[in-house]
Amino acid sequence: MVLVLVGSAAHGQGAVVAVGSGVRDDNDAVWGRLIELAGGQGARFAVFTAPSGEPDLSAAAIIHSLNRRGAVGEHVRVGPQIEGQDLAAAVRDPAWVAIVDAAQAVYFSGGNQARLIDTLRPGGQSSPLLDAVQRLFARGGVVAGGSAGAAVMSEVMFRDPPQDVLALMKSRLREGQDIDRGFGFVRHDVIVDQHLIRRGRIGRLLALMQQSGKPLGLGLEEHTAVVVRGDEVEVVGDRGVLVVDFTHARHDPALGAFNVKGARLSLLDHGDRYHLRTRRITPAAAKLPGRLDVARPGFAGRPGVESYGSVFFNDMLADNLIVTALSRLVDQGHRQVFGLSFATQPSASDPRPDLGFEWRLAVTAESTAYLLRPERYTIGEIELDVVPVSMQRPLYTPYPR
């Protein structure tokens, strides 16, 4: 994929806070860290709700969560869902630009990220309003967003892809439809994706990383944030972040379908840190006493957890399944686990209904694991292979009498 990056903020001086979903009002960890980064009490936030189908309601909820914690939120009421607004004029309006110039932080709401991209970068050209956001970031401000507002943080992003992750793995992602240029507030070699664990989106992140040539992926779970400052990533929230590393991954184009071998997968949790340049994981201090020696030959699993023999998963793209598979390596001491992803009832338009994928997760000599009870994991450097397989059609038949 070739995307011409025009007007990207690139690698700036500020902090990025990307959240895998909209932030609930009771998520004190994320709101508190966000306000702290912006300067604490009295910090001014410019709130953008252009992605939202209900921009005023979204703004009210976000501003309420900010204000009740001592920050000051102001709605930049610009977007395609604002009735009667001249959008081309609004993104050039000095009054809206002044709000951003006076702020210490920007917050992009959830919704449809295509609306946000098209609003602030109409026709592919940066607007004065987006220029103001870039100035804020360059002077050390915070650029934050949840769900759609998180997706736009990387140079390459999902624009408006189909919800069928398997279909995306089977085809080439379409520029300007499935994928687009993001705003590029994180490093150029990183892709950010949201709702990743809860909605089983690991497959689409892998596909985009391979097609774009980006070696690192940050898959954000709902109600969990990453704080990115330069090369440092900090996890805030208790639902998890998946880090995918393609640095030493291999791909065989002769197979004629998506495939990858030797990728590395890590699961991070609240308080964990990751260095984007060195690929080093630093677990939260509270987890250090809970280190599990998963790389040691003969490791039998977490003490007190019964092993149920070999593990095979029928749908690796199911909700939360990728984390379940990773945890089995730690809990039960398996050296590797396998699974499949395939269409049980392929649509009539599926050009390759028999195409499926076999997944393999394996412990390596570099794998690490830490546990803070109950069920808070840090799991690092698990090898990931995904290879195409041919599925039988029909998959099963009635049992003979």
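Here, every reference points to the structure presented above.
Thresholds applied
- Residues numbered from 1 in each chain as written.
- Predicted model: local features only at pLDDT ≥ 70, side-chain atom pairs only at ≥ 80, totals over all residues.
- Heavy atoms only, no water.
- Pairing = 2+ DSSP bridges.
- Helix = DSSP H or I, 4+ residues; strand = E, 2+ residues; numbered from the N terminus.
- Contact = heavy atoms within 4.5 Å.
- Axes fitted to C-alpha atoms, helices over the stretch in contact; angles between N-to-C directions.
- Core = buried A, V, L, I, M, F, W, Y, C linked by side-chain atoms within 4.5 Å.
- Buried < 20%, exposed > 50% of the residue type's maximum accessible area, 1.4 Å probe, protein only.
- Phe/Tyr/Trp six-rings, centres within 6.5 Å; stacked < 30°, edge-to-face > 60°.
- Lys NZ or Arg CZ within 6 Å of the ring centre and 35° of its normal.
- Salt bridge = Lys/Arg side-chain N within 4 Å of Asp/Glu carboxyl O.

An order of β3-β2-β4-β5-β1-β10-β11-β14-β15 is seen for the 9 strands of this open sheet, with the pairing classed as mixed. Lying at the two open borders of the sheet, with one neighbouring strand each, are β3 (72-76) and β15 (281-282). As paired elements, strand β2 (residues 44-48) and β3 share 5 bridges and run parallel to each other. Across the sheet, R44 pairs through a bridge with V72, a residue of β3. Its contacts with the sheet put helix α1 (residues 28-38) on β1 (15-19), β2, β4 (105-108), β5 (142-146), β10 (225-229) and β11 (232-236), and the angle it makes with β10 is roughly 20°.

Within the largest apolar cluster, 52 residues are counted, with the highest numbers of intra-cluster contacts made by I202, L206, L242, W359, L361 and V386. For this core, the element with the highest residue contribution is helix α10 (residues 321-331), accounting for 6 residues. The contacts of L242, once residues within four sequence positions are left out, are L196, I197, I202, G217, L218, G219, L265, S266, L267, I322 and L326. Counting residues in each nonpolar core, the second largest holds 48 residues, with A132, L136, F137 and V241 among its members.

Moving on, we get to the packing of aromatic side chains. Overall, the coordinates contain 6 aromatic pairs when judged by the stated rule. What links up through ring pairs into an aromatic cluster is the set F48, F108, F137, F183 and F185. Taking NZ or CZ as reference, R204 lies 4.2 Å from the ring centre of F158, over its face.

For the rest of this paragraph, the subject is the pairing of β11. Looking along a regular strand, one sees the side chains alternate between the two faces of the sheet. Burial analysis of β11 places 4 of its 5 residues in the buried class, which makes it a mostly covered element. Pairing analysis gives 5 bridges linking β10 to β11, with the strands arranged antiparallel. Of the residues in β11, the one forming a bridge with V228 is V233. Here β10 hands over to β11 after 2 residues, with G230 in that stretch at a positive phi of 65°.

Let us now look at unusual backbone geometry. P394 follows R393 through a cis peptide bond whose omega is 0°. Tracing the backbone shows P394 in the segment after β21 (376-390). With a phi angle near 65°, H223 is a residue other than glycine that sits in the positive phi range. On the basis of relative accessible area, H223 is assigned to the buried category, the value being 15%.

Evaluation of the coordinates by the stated rule reveals 32 salt bridges. Between R24 and D26 there is a salt bridge; the shortest N-O distance is 3.1 Å. Three or more residues are tied together by salt bridges with common partners; here these are D25, D28, R68 and R69.

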